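Structure at a glance
One-letter residues, chain by chain:
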Amino acid sequence: MMAHEVSSFERALAPLQAEIAVFDLLGGRLHRPHLARTDLVLLGGSGAYSAAIGGPWFASALNSLRTVHDSGVPAFASCWGFQAMAVAMGGRVVQDRSRAEVGTHRVFLTAEARRDPVFGGLPPSFAAQMGHEDLVEELPPRTTLLASSDAVVNQAYRFEDAPIYCTQFHPELDSAGLLARLSTYPRYAAEVTGASFQEIVDRVEDTPAANQLVRLFVENFVRG
């Protein structure tokens, strides 16, 4: 899904223009020089990998995320990126299918989010695209909770000591993008949620408010 992830972030940034270069965290560690000419880091991921279970590549990936945090380069993380950044900076992630969310679900902003420069212009509640069975059980230190859903308390947070925002949901995915993901992993929805693929597809809806978030982040934190 790497190409789809890149095209989804490109769409989410529109009408802003971006030249996106992929750094594969499975292939090695990111170091500060990799960020020398970088204006923004986008952290996505794939449903094939778990921030709760990890793997032989995970320690290196976490060190890479700590480098991003310490660099001062603005970063936006969604889904796996949201979870892995939490682990990297001292939070806790668990796998819990009883709280899994696949499809379109509603999120609710916290009082702090309504005063936030990125989230503050959005409605108090809005629909967002999701696909996860891992979730952040405990936020890292020096973060502020920005959004929750009925099933999962920690749906979005920001760091207080770095220009980094993280969402469990996928602001880079519109309804067509989510359907493309679900079609790539047709068994995932049923295995994780117990609902049929068609039942989840039938409940997918557009998410115009959530789809503004990446662009709003860039407009507030990226210069030039």
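See above for the structure.
These lines cover the structure that appears in this document, whether it is placed above or below. (Residues numbered from 1 in each chain as written. Predicted model: local features only at pLDDT ≥ 70, side-chain atom pairs only at ≥ 80, totals over all residues. Heavy atoms only, no water.)

Observations concerning the pairing of strand S4 (residues 101-109)
Each regular strand shows side chains that alternate between the opposite faces of the sheet. Heads up, the condition is: Note on pairing: two strands pair once DSSP finds at least 2 bridges between them. Numbered from the N terminus, helices here are DSSP runs of H or I no shorter than four residues, and strands are runs of E no shorter than two.
Sheet topology note: the S4/strand S5 (residues 125-132) ladder contains eight bridges and is antiparallel. Looking across to S5, one finds that Val107 is bridged to Phe126. Both S4 and strand S7 (residues 143-149) contribute to a ladder of three bridges, which runs antiparallel. When the bridges of S7 are listed, Phe108 appears paired with Ser148.

Some details on the layout of surface pockets
Left-over empty space is what a probe sized like a water molecule reveals as it rolls over the atoms. Where we set the bar: Only protein atoms enter the calculation, which uses a 1 Å grid: trapped sets of points that fit a 1.4 Å probe without letting it out are cavities, open sets showing protein on both sides within 12 Å along at least five of seven lines are pockets, and any residue with an atom within 4 Å of a point is a lining residue. Grid points are joined across faces, edges and corners, and a volume is the space filled by probe spheres set on the points. Polar here means any residue other than Ala, Val, Leu, Ile, Met, Phe, Trp, Tyr, Cys and Pro, which are nonpolar, and Asp, Glu, Lys and Arg, which are charged; Gly is therefore polar.
If you add up the space inside the largest pocket, you get close to 1,400 Å³. Those elements that place two or more of their residues in the lining of the largest pocket are helix H1 (2-13), strand S1 (41-43) and helix H2 (58-71). Take the lining of the largest pocket: its biggest share by element is five residues, from H1. Looking at side-chain class alone, the lining of the largest pocket contains 26 nonpolar, eight polar and six charged residues. Taken as a whole, the second largest pocket encloses approximately 370 Å³ of empty space.

Focus: the packing of aromatic side chains
For clarity, the threshold we go by: Pairing of aromatic rings covers Phe, Tyr and Trp, the last through its six-membered ring, and needs centres within 6.5 Å; plane angles under 30 degrees mean stacked, over 60 mean edge-to-face, and all others mean tilted.
Here the structure, examined in full by the defined rule, presents twelve aromatic pairs. Taking 5.1 Å as the distance between ring centres and 25° as the angle between the ring planes, the aromatic pair formed by Phe217 and Phe221 counts as stacked. Separated by four residues within a single helix, Phe217 and Phe221 lie in helix H7 (residues 213-221), roughly one turn from each other. Ring-pair connections join several aromatic residues into one group, and the members of that group are Phe76, Phe119, Tyr165, Phe217 and Phe221.

Concerning the environment of His170
This is how it is decided: We call two residues in contact when some of their heavy atoms are within 4.5 Å. Polar contact criterion, stated in full: a pair of N or O atoms within 3.5 Å, where within protein one must be able to donate a hydrogen and the other to accept it, and residues adjacent in sequence count only if both atoms are side-chain atoms.
Considering the arrangement of structural elements, one finds His170 in the loop between strand S9 (164-167) and helix H4 (175-184). His170 sits 92 residues away from Ser78 along the chain, and the two C-alpha atoms are 5.8 Å apart. Beyond its immediate sequence surroundings of up to four residues, His170 is in contact with Ser78, Cys79, Gln129, Met130, Gly131, Arg181 and Asn211. A polar contact is formed between the side chain of His170 and the side chain of Glu172, at a distance of 2.7 Å.

Quick look at the packing of H1 against H4
Quick reminder of the rule: Each axis is a line fitted through C-alpha atoms, and for a helix only the stretch in contact is used; angles between axes span 0 to 180 degrees, taken between their N-to-C directions. When an angle is under 35 degrees it counts as roughly parallel; over 145 it counts as roughly antiparallel; between 65 and 115 it counts as roughly perpendicular; any other value is oblique.
As a packed pair, H1 and H4 sit with axes 11 Å apart at the nearest point and diverge in direction by 170°. Relative to H4, H1 is oriented roughly antiparallel. Together, His4, Glu5 and Ser8 of H1 and Gly177, Ala180 and Arg181 of H4 make up the contact between the two elements. Residues belonging to the contact of H1 with H4 are distributed by class as follows: one nonpolar, three polar and two charged.

Notes on H4
We count it as follows: Exposure is judged per residue with a 1.4 Å probe applied to protein chains only, and the accessible area is read against the type maximum: over 50% gives exposed, under 20% gives buried, and values in between give partly exposed. In this context, the arc is that of the directions from the helix axis out to the C-beta atoms.
Those residues of H4 not exposed but buried are Ser175, Gly177, Leu178, Arg181 and Leu182. Here the buried residues of H4 occupy an arc of 160° about the axis, which is enough to place them on one side. Measuring from the side-chain oxygen of the N-cap residue of H4 to the backbone nitrogen of Ala176 gives 3.3 Å; that N-cap residue is Asp174.

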